[in-house]
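Listed below are the residues making up each chain.
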Amino acid sequence: MVYISRTEHFNAAHRLFNPNWSEEKNKEVFGPCANHNWHGHNFELIVTVKGEPDADTGFVIDLKVLADIIKREIIDQVDHKNLNLDVPFMQGKMASCEIFIMEIWKLLDRALEPVTEARLHQIRLYETPKNFVDYYGE
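We now turn to the structure provided with this report. As the structure is a prediction and not an experimental result, all values here were calculated from the model.

Rules and cut-offs
- Residues numbered from 1 in each chain as written.
- Predicted model: local features only at pLDDT ≥ 70, side-chain atom pairs only at ≥ 80, totals over all residues.
- Heavy atoms only, no water.
- Helix = DSSP H or I, 4+ residues; strand = E, 2+ residues; numbered from the N terminus.
- Buried < 20%, exposed > 50% of the residue type's maximum accessible area, 1.4 Å probe, protein only.
- Pairing = 2+ DSSP bridges.
- Contact = heavy atoms within 4.5 Å.
- Axes fitted to C-alpha atoms, helices over the stretch in contact; angles between N-to-C directions.

## Considerations on unusual backbone geometry
The phi dihedral of Trp 38 is positive, around 70 degrees, even though this residue is not glycine. With respect to the helices and strands, the residue Trp 38 is situated in the loop between helix H1 (23-30) and strand E2 (39-51). Judged by relative accessible area, Trp 38 falls into the partly exposed class, the value being 25%. One non-glycine residue, His 80, adopts positive backbone phi at about 60 degrees. As for its placement among the helices and strands, His 80 is situated in the loop between helix H2 (63-78) and strand E3 (81-82).

## With respect to the sheet that holds strand E4 (residues 119-126)
With respect to topology, 5 strands assemble into an open sheet ordered E3-E1-E2-E4-E5, the strand pairing being mixed. The open sheet is flanked by E3 and strand E5 (132-135), the only strands paired with a single partner. Summarising the sheet, strand E1 (residues 2-14) and E2 pair through 13 bridges and their orientation is antiparallel. Each bridged residue has a counterpart across the sheet, and for Phe 10 the counterpart in E2 is Phe 43. Contacts from H2 reach E1, E2 and E3 within the one sheet, and its direction differs from that of E1 by about 20 degrees. In this fold helix H3 (residues 97-112) packs onto E1, E2, E4 and E5, with an angle of close to 150 degrees to the strand it touches most, E4.

Now the structure itself:
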């Protein structure tokens, strides 16, 4: 099994808050991330797919194809957007990185299925240089 990764960058804003909680509880749990005026990040997304190299091309997946799928399905929808307000696949969901990465997985998994034998293995999402989440579709 061979693992191929593609890194993309995007900028987005979000606000962490639970509408069922008081303002005080939101501030207590989420701190400055509950700011009414949002806050932003320079995100880094690393998508890893796995598979066997094709006998004719030697590719697990054509990296141009993978880049195009990531751009179309994710980057074009989230770059310079507010995750809470502007991103359809995040509507009505907590805009935490944990929920965000799970939603990204769903979109990429559906988009890859008809065009390649390669399957998603891992997605890593950096919110800051020190904070990141990994997801394996489980």
